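Here are the chains, one letter per residue:
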Number of protein chains: 2
Amino acid sequence: MDTIIENALIERLAAGFTRTPHQLNELRESDAELIYLPGSRVVLALTTDAVVEEIEAGLYEEPYLIGWMTVMVNASDLAAVGAEPLGILLNQTLTPGLDDEFLAALQAGIRDACRHCGLALLGGDVNFSGHLQMAATALGTVTGEPPLTRRGCRPGDRLFASGPLGLGSAYALLKLSPERQPGGPNIEYRPTARLDEGQMLRRFATSSMDTSDGVIPTLDELMRLNGVGFSLDRPIGQLLHPAAARVARAAGLQDWMMLAGPHGEFELLFTVPGKHRAAFLEAAKASSWRPIEIGAVAQEHGLKLLSDGQPSRLDTAAVRNLFLEVAGDVEAYVAGLLRIDATRRRRTCVGGPAQAGS
Amino acid sequence: MDTIIENALIERLAAGFTRTPHQLNELRESDAELIYLPGSRVVLALTTDAVVEEIEAGLYEEPYLIGWMTVMVNASDLAAVGAEPLGILLNQTLTPGLDDEFLAALQAGIRDACRHCGLALLGGDVNFSGHLQMAATALGTVTGEPPLTRRGCRPGDRLFASGPLGLGSAYALLKLSPERQPGGPNIEYRPTARLDEGQMLRRFATSSMDTSDGVIPTLDELMRLNGVGFSLDRPIGQLLHPAAARVARAAGLQDWMMLAGPHGEFELLFTVPGKHRAAFLEAAKASSWRPIEIGAVAQEHGLKLLSDGQPSRLDTAAVRNLFLEVAGDVEAYVAGLLRIDATRRRRTCVGGPAQAGS
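Below or above, wherever it landed, is the structure these notes cover. (Residues numbered from 1 in each chain as written. Chains lettered and ligands numbered in written order. Predicted model: local features only at pLDDT ≥ 70, side-chain atom pairs only at ≥ 80, totals over all residues. Heavy atoms only, no water.)

1. Things to note about the sheet that holds strand 8 (residues 229-232) of chain A
All names here are of chain A. Ordered in space as 7-9-6-10-8-11-12, the seven strands form an open sheet in which the pairing is mixed. Because the sheet does not close on itself, it has two edges, and the strands there are strand 7 (207-210) and strand 12 (310-314). With strand direction ignored, the average angle separating the axes of adjacent strands in the sheet is 25°. Of the strand pairs in this sheet, strand 6 (residues 158-161) and strand 9 (residues 268-272) are connected by four bridges, and their pairing is antiparallel. For phenylalanine 160, the partnering residue across the bridge sits in strand 9 and is phenylalanine 270. The sheet contacts of helix 11 (residues 330-346) involve strand 11 (302-307) and strand 12, and relative to strand 12 the element is tilted by about 120°. (Pairing = 2+ DSSP bridges. Helix = DSSP H or I, 4+ residues; strand = E, 2+ residues; numbered from the N terminus. Axes fitted to C-alpha atoms, helices over the stretch in contact; angles between N-to-C directions. Contact = heavy atoms within 4.5 Å.)

Written out as structure tokens, the structure reads:
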């Protein structure tokens, strides 16, 4: 298996640190850290996430969106472990002399997202710098059924997405490379963390992870952690949000490229054992939630998908490393995706992905 | 009472947010957020703090110190509420192409500080930007005696410092204005959070706050929150760390200016009722800890101190706002302190500070 640059960095940064027996998850094993408190039956879910590159790259410009995303990137990690949201700590690095209107919209975005997620403001820290940066730490609790982690799926489990996919990549493409779609559609990008869905999933799912880095990087990480593969048995076009499908077509890109990340749509990807599939779908329906069944867990490592009518194998590690390798250059990134696609087309699967894992 | 710029900003940023009944403290009332968990007898202490301005201003240059302080600024908040340290989440914004040696020293500083404080690494987030920034969130627990807050002291309570004062200001003066001390001493600045002391203080203290922003800003905040004043009944020179006293003398500054902040020494300031004073000092002695008794809580708002042989009243709000008013310009800051000192000298107290509050 190829090394993932990001994982290698995380392991390097964490090397030699003491860990605590109160923590239920190992490094990278879940979207939020899961802490068992002595003298309590509550498991804490804690996560910290910053919005830095998105601001510097111009991906998030409107202050309301910056504020909204500062909360949502963290709330989405709570959703992935099935935690009940409790509160948030903010870490705002503001620029001196930030105008009142910008600051008001920034705080409104944070406040609205907190309300939407049921996260109370617990506290925070404010710093000043020449560069606006936002970070937060979200706190949730898990009682009753154990929390979800990224680990636990088995070959044969069904793979689901919590909603239509591809809006994160589509939004990034329009925003950072507008010349690809002159007069193209403006995408409304305002993801909401799947908190209620995550809590329900604790009864059914064997693994769960949010698509904050895009769908393919998420599948790559789940494959690595579980020693499995995935087979997407519906054409990618059917998994995409209609706006993402339009962007791909207009830009002349393959539909799977809307799943490449690294900017994600903040949906959940999760696995449900076949024997719980019917009960899960029933429960989802009762909550008016329409998850999308996208494939299955396979024994063999690797991702099989149906793009452009062809069943094929995609090099997910190459997709995942690409953005760091091109140092964030969007045109070089798209060129890299096209190269990876050429390789994929040579790797068409005999028998097709529907038979994967059998 | 004059408005504190920082407090006004905090209240503005927090305006309109939902708060949770699970939180024991109000905004600004304690160094760490205190969260009561339903179904548990544990109170959580949570705090987030970033190291941003210190890096940008060149106050922290050595990567080991940057890493060390990233942990200590947070651990010190846990100390102030008397929490038992549990773990930490890191939020590192690294510059692309950071050299290996720098990164290794940065992580060593973080790791050593975590070990020193008994903080396990729980998780974190890494981002890349043109500007190195560090933040963390620390988690602790409080069981048994309730946590300490900044609120609760009464006139007549004794005021203590957990150790000698002034190193934060002295270090900043040497580092940012070296021309004031050509060939002057190099100060070893590596504060350690007073975690054991904080836990012991839960049995004795009525209020507690760390001096992360310097002694005078800390006293100003405690006065405001408690509707009291303070009277420092020992000459300031006797409260200072010897190195801080030397720096003040060599720079031709008044000794009280080493308490002005905004860069602090990360000691605790706390109050103990007279009736518990003896038992507290006994317990401290048994732990080989030598706190410094620096004064008393007074009924009347304001800070009385003995500097340069003169009992006088210091305008703590002016001291506290000064650094923001001069936008971080060190020479303008020193000039401002000299102006404030001239006012102080005109405000000598009849009767002296020893009688304050009586």
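2. Considerations on the relation of the copies chain A and chain B
Of the two same-sequence chains, chain A is brought onto chain B (RMSD 0.0 Å, axial shift 0.0 Å) by a rotation of 180°. Read as a symmetry element, the transformation amounts to a two-fold axis. Of the C-alpha atoms belonging to chain A, the one lying closest to the rotation axis is found on Ser40(A), 2.4 Å away. The residues that chain A uses at the interface reappear at the interface of chain B in 100% of cases, marking a shared surface. (Least-squares fit on C-alpha atoms with pLDDT ≥ 70 in both.)

3. A word on helix 1 (residues 5-14) of chain A
Every buried residue of helix 1 of chain A is accounted for by Asn7(A), Leu9(A), Leu13(A) and Ala14(A). Down the axis, helix 1 of chain A shows its buried residues gathered within 160° of arc, on one side only. Among the structural elements, helix 7 (215-226) and helix 10 (316-325) of chain A together with strand 3 (84-94), helix 4 (100-117) and strand 4 (120-128) of chain B are those in contact with the buried residues of helix 1 of chain A. Immediately beyond the C-terminal end of helix 1 of chain A, within one or two residues, lies Gly16(A), with a positive phi of roughly 85°. (Buried < 20%, exposed > 50% of the residue type's maximum accessible area, 1.4 Å probe, protein only. Arc of directions from axis to C-beta.)

4. Brief notes about the pattern of salt bridges
According to the stated counting rule, one finds 39 salt bridges over all chains in the structure shown. For Asp100(A), the salt bridge goes to Arg12(B), with nearest N and O atoms at 3.0 Å. Note that Asp100(A) is positioned in helix 4 (residues 100-117) and Arg12(B) in helix 1 (residues 5-14), a pairing that runs across two chains. A relative accessible area of 53% means that Asp100(A) is categorised as exposed. Because the salt bridges share partners, they merge into one network encompassing Glu6(B), Glu11(B), Arg28(B), Asp31(B), Arg150(B), Asp220(B), Glu221(B), Arg224(B) and Arg320(B). (Salt bridge = Lys/Arg side-chain N within 4 Å of Asp/Glu carboxyl O.)

5. Quick look at the pairing of strand 5 (residues 133-142) of chain A
Residues and elements named next belong to chain A. Within strand 5, ten of the ten residues are buried, which leaves the element mostly enclosed by the surrounding structure. Neither face of strand 5 is open: one carries Gln133, Ala135, Thr137, Leu139 and Thr141, the other Met134, Ala136, Ala138, Gly140 and Val142, and all of them are buried. Sheet topology places strand 2 (residues 43-51) next to strand 5; nine bridges connect them, and they run antiparallel. Its bridge partner lying in strand 5, alanine 50 is registered against alanine 135. One ladder, built from nine bridges, connects strand 3 (residues 84-94) with strand 5; its direction is antiparallel. Its bridge partner being in strand 5, asparagine 91 is matched across the sheet by alanine 135.

6. Points about the environment of Ser208(B)
Residues and elements named next belong to chain B. Along the polypeptide, serine 208 turns up in strand 7 (residues 207-210). Once the C-alpha coordinates of serine 208 and leucine 268 are considered, the two residues, 60 residues apart in sequence, prove to be 6.7 Å apart. Apart from residues lying up to four places away in sequence, serine 208 is in contact with Asp31, Ala80, Leu148, Thr149, Arg150, Leu269 and Phe270.

7. Details of the side chain of Ser162(B)
With respect to the secondary-structure elements, Ser162(B) resides in the loop between strand 6 (158-161) and helix 5 (167-176). Within the structure, the side chain of Ser162(B) is placed 2.4 Å from the side chain of Glu267(B), a separation counted as a polar contact. (Polar contact = N/O pair within 3.5 Å; in protein donor to acceptor, adjacent residues only side chain to side chain.)

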